[in-house]
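Descriptive analysis of the structure
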Amino acid sequence: MSARRSSEVGRAGPILLLDSGVGGLSVLRAITGLLPHAPIVYCADSAGFPYGVKQEAEVSARVAGLLGRLTERLRPSLVVIACNTASTIALQYVRPVLGVAVVGTVPAIKPAALGTKTGVIGVLGTEATVRQPYVDELSRRFAGDCMVLRHGSAALVRAAEAKLRGEAVDAGLYRAALDGLLSQPGGERLDMVVLACTHFPLVQDELAAAAPRPLSFIDGADGIARRCRQLLQDARWPAARPRGRAIFTGEMEEVAPLRRALQDFGLMDVEHFGQEEGR
Ligand code: DGL
């Protein structure tokens, strides 16, 4: 691709975010805070939700296939995998082949290790994320002098989805997710919780309220937004704030209760993207 063509693409293309569901909205919030005029397409792979209980091969195949088709169709200036599960599993495969810059979401273990006073940090993610070698590697490189506890909670992912649909969530579920960390040996000294699933910052207030003692919560959204701004520093955005676009791969009837939450995040237009589209 010539330099001229590359800059044209950078100017015109939206930022494409991908998650299995609404979790990536926590990343979108940080990105629109720094780049309010960037055109946004947010894709929820709701037909594949949840990723966190799937095997690695299935997550990789889904994410690579979907991002390939969406990138063909939308010509984004940047792809953000707004999902820890997809990033820790598939980023290494997707990045070299997609033909556009890809920013991933990885557990904020490094800042947690810098911030802990007790030397014990907890990684709260999906079951798939917390078992990834990527998390071993981050812990080894950046938290070698800390005790890193891990817990995977699919229930917390469902709670965040339910909250954004306006459904009631049993408050005991938040305490149970925290207890998955706090009840482990060393958990009594834990002071920082890494929200290693993009769904979890959406229920951070509920987690804080359920905590038996004050805990600090940390996630990677602000760092991702800064990285996006850096990569897109030459982009020319429209003067008026563009309408955000949301794409769902699953049944559209299931999206109706989310419409208000999507609008709160600037996603005014909602459409379906099927298995066969973009092929
Ligand atoms: N939001 C996703 C993450 O960051 C995953 C949720 C799921 O589909 O299990 O890991």
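Here the structure is shown first, and the text comes after it.
Since the structure is predicted, the reported quantities are computational estimates derived from the model, not experimental observations.

As for the side chain of T126
One can find T126 in the loop between strand 5 (120-125) and helix 6 (127-130). A polar atom in the side chain of T126 sits 2.9 Å from the side chain of T85. Beyond its immediate chain neighbours, meaning those up to four positions away, T126 contacts G52, T85, G152, S153, V157 and C197.

Focus: the state of the cysteines
If you walk through the whole model with that rule in mind, you get 0 disulfides. Free cysteine: C83, not disulfide-bonded; nearest cysteine sulfur from C197 at 6.7 Å. You can call C83 buried: its relative accessible area is 4%.

Some words on the site of the ligand
Taken together, 14 residues are adjacent to the ligand, and S20, Y51, N84, T85 and H199 come closest. Here D19 contributes a side-chain N or O atom positioned 2.9 Å from a nitrogen atom of the ligand. Here an oxygen atom of the ligand and a backbone polar atom of Y51 are 2.6 Å apart. Of all the cavities here, the one that holds the ligand is the largest cavity. When grouped by side-chain class, the residues that make up the shell around the ligand number 6 nonpolar, 7 polar and 1 charged.

Thoughts on empty space enclosed by the protein
Applying the stated criterion across every chain, the model contains 3 cavities of 30 Å³ or more. Approximately 100 Å³ is the volume found for the largest cavity. For the largest cavity, the lining is made up of 16 residues, of which S20, G52, T85, T126 and V157 are closest to its centre. Going through the elements one at a time, helix 4 (84-94) and helix 8 (154-164) are the ones with two or more residues in the lining of the largest cavity. Its residues assigned to classes, the lining of the largest cavity comprises 8 nonpolar, 7 polar and 1 charged. Quantified by volume, the second largest cavity comes out at close to 70 Å³. Lining the second largest cavity are 15 residues; nearest its centre among them are N84, T105, L195, D219 and G220. Those elements that place two or more of their residues in the lining of the second largest cavity are helix 2 (25-34) and helix 11 (221-231).

Parameters at a glance
- Residues numbered from 1 in each chain as written.
- Predicted model: local features only at pLDDT ≥ 70, side-chain atom pairs only at ≥ 80, totals over all residues.
- Heavy atoms only, no water.
- Helix = DSSP H or I, 4+ residues; strand = E, 2+ residues; numbered from the N terminus.
- Polar contact = N/O pair within 3.5 Å; in protein donor to acceptor, adjacent residues only side chain to side chain.
- Contact = heavy atoms within 4.5 Å.
- Disulfide = S-S within 2.5 Å.
- Buried < 20%, exposed > 50% of the residue type's maximum accessible area, 1.4 Å probe, protein only.
- Near = heavy atom within 4 Å.
- 1 Å grid on protein atoms, 1.4 Å probe; cavity = no way out; pocket = protein on both sides within 12 Å on 5 of 7 lines; lining within 4 Å.
- Sits in = over half its atoms within 2 Å of the grid points.
- Nonpolar A, V, L, I, M, F, W, Y, C, P; charged D, E, K, R; others polar.
- Points joined across faces, edges and corners; volume = space filled by probe spheres on them.

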